[in-house]
Amino acid sequence: MILGNTNGLIISNFFSDYKLRYLIKNSWDDIKILRLDDNRNNPGSFMAVSNFHTILGRNLQKKTIQKIKSYLKTSVYLYENNFFTINKFNFMIFENSCLISPVYLEYYLQTKKPVELPLYCTTVSNGCNYPGLALLFNKNICLLNSSTNNNELKVINKFIN
């Protein structure tokens, strides 16, 4: 229900006022929080974000795209594809590179407008095809399943470093 970076957070339109007040009270002072007014229940299901780039999938209203860009202060790539969805599970962005799910790599490479970021492709947790299900990271720490094998770790290490 929440996705963002150090500049701002994008929250679901289903996020309660109580949860929003709690989030504001317990976040840093200058955080900007955007509650989506489109019929979207989870920002993580149609976007991937870092401190530098945002990749948006699905049809969004222009005003929503501008708000997201304004709140997150990133470059924005719009990406539509009939074969897969841009989301935090199959496209993970870290600074200036992207970790992509092996399931979608072939489809992605066939697109007419690929995202202009270095791509890294791997499974995680010894074969899980969706990196976002088993990998969580930021600039200080990387958390992943203990079953992640050495080949997967090598790709993840290149992606993060």
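## So, the side chain of Thr74
Next, step 1: One can find Thr74 in the loop between helix H2 (62-72) and strand E6 (75-78).
Next, step 2: A polar side-chain atom of Thr74 sits 2.7 Å from a polar atom in the side chain of Thr54.
Next, step 3: Apart from the residues within four sequence positions on either side, Thr74 is in contact with Asn5, Ser50, Asn51, Phe52, His53, Thr54 and Lys69.

## Details of the sheet that holds strand E5 (residues 53-56)
Next, step 1: Here three strands make up an open sheet; going across it, the order is E4-E5-E6 and the pairing mixed. Only two strands of the sheet have a single partner each, and these edge strands are strand E4 (47-49) and E6. Adjacent strand axes in the sheet meet at a mean angle of 15° when their direction is disregarded.
Next, step 2: Note: E4 against E5, three bridges, orientation antiparallel. The residue of E5 that forms the bridge with Met47 is Leu56.
Next, step 3: Here H2 sits on the sheet in contact with E4, E5 and E6, set at roughly 160° to E5.

## Side note on unusual backbone geometry
Next, step 1: Positive phi, normally seen in glycine, also occurs at Glu95, with a value near 50°.
Next, step 2: Note on placement: Glu95 falls in the loop between strand E7 (91-94) and strand E8 (97-100).
Next, step 3: The class for Glu95 is partly exposed, based on a relative accessible area of 36%.
Next, step 4: In this structure, Asn126 is a non-glycine residue whose phi angle is positive, near 60°.
Next, step 5: Looking at the secondary structure, you find Asn126 in the loop between strand E9 (119-121) and helix H4 (131-134).

## Considerations on a nonpolar patch on the surface
Next, step 1: The grouping of Met1, Ile2 and Phe14 at the surface amounts to a nonpolar patch, some 280 Å² of accessible area in total.
Next, step 2: Within the secondary structure layout, Ile2 lies in strand E1 (residues 2-4).

## Remarks on the sheet that holds strand E3 (residues 32-35)
Next, step 1: Pairing in this open sheet of three strands is mixed, and the strands run E1-E2-E3 from one edge to the other. The open sheet has two edge strands with one neighbour each: E1 and E3. Neighbour-to-neighbour, the strand axes of this sheet turn through a mean angle of 25°, independent of strand direction.
Next, step 2: Looking at chain direction, strand E2 (residues 8-11) and E3 are connected through four bridges and run parallel.

## Digging into the state of the cysteines
Between two cysteines, a covalent bond joining their sulfur atoms is known as a disulfide.
Next, step 1: Applying the stated criterion to the full structure yields zero disulfides.
Next, step 2: Cys128 takes part in no disulfide bond, and the closest cysteine sulfur to it belongs to Cys121, at a distance of 12 Å.
Next, step 3: Taking relative accessible area as the criterion, Cys128 reaches 23% and is therefore assigned partly exposed.
Next, step 4: Distance from the sulfur of Cys142, which forms no disulfide, to the nearest cysteine sulfur (Cys128) is 14 Å.

## Considerations on the pattern of salt bridges
Next, step 1: If you walk through the whole model with that rule in mind, you get one salt bridge.
Next, step 2: The salt bridge involving Asp17 is made with Arg35; its shortest N-O contact spans 3.1 Å. A residue pair is termed long-range when its members are at least 10 positions apart, and Asp17 in helix H1 (residues 17-25) and Arg35 in strand E3 qualify at 18 residues.
Next, step 3: Since its relative accessible area comes to 46%, Asp17 is described here as partly exposed.
Next, step 4: You can call Arg35 partly exposed: its relative accessible area is 30%.

About the thresholds
Residues numbered from 1 in each chain as written. Predicted model: local features only at pLDDT ≥ 70, side-chain atom pairs only at ≥ 80, totals over all residues. Heavy atoms only, no water. Helix = DSSP H or I, 4+ residues; strand = E, 2+ residues; numbered from the N terminus. Polar contact = N/O pair within 3.5 Å; in protein donor to acceptor, adjacent residues only side chain to side chain. Contact = heavy atoms within 4.5 Å. Pairing = 2+ DSSP bridges. Axes fitted to C-alpha atoms, helices over the stretch in contact; angles between N-to-C directions. Buried < 20%, exposed > 50% of the residue type's maximum accessible area, 1.4 Å probe, protein only. Patch = residues over 30% accessible without salt bridge, like charges linked within 9 Å, V, L, I, M, F, W, Y side chains within 5 Å. Areas by Shrake-Rupley, 256 points an atom, 1.4 Å probe, with all protein chains shown as cover. Salt bridge = Lys/Arg side-chain N within 4 Å of Asp/Glu carboxyl O. Disulfide = S-S within 2.5 Å.

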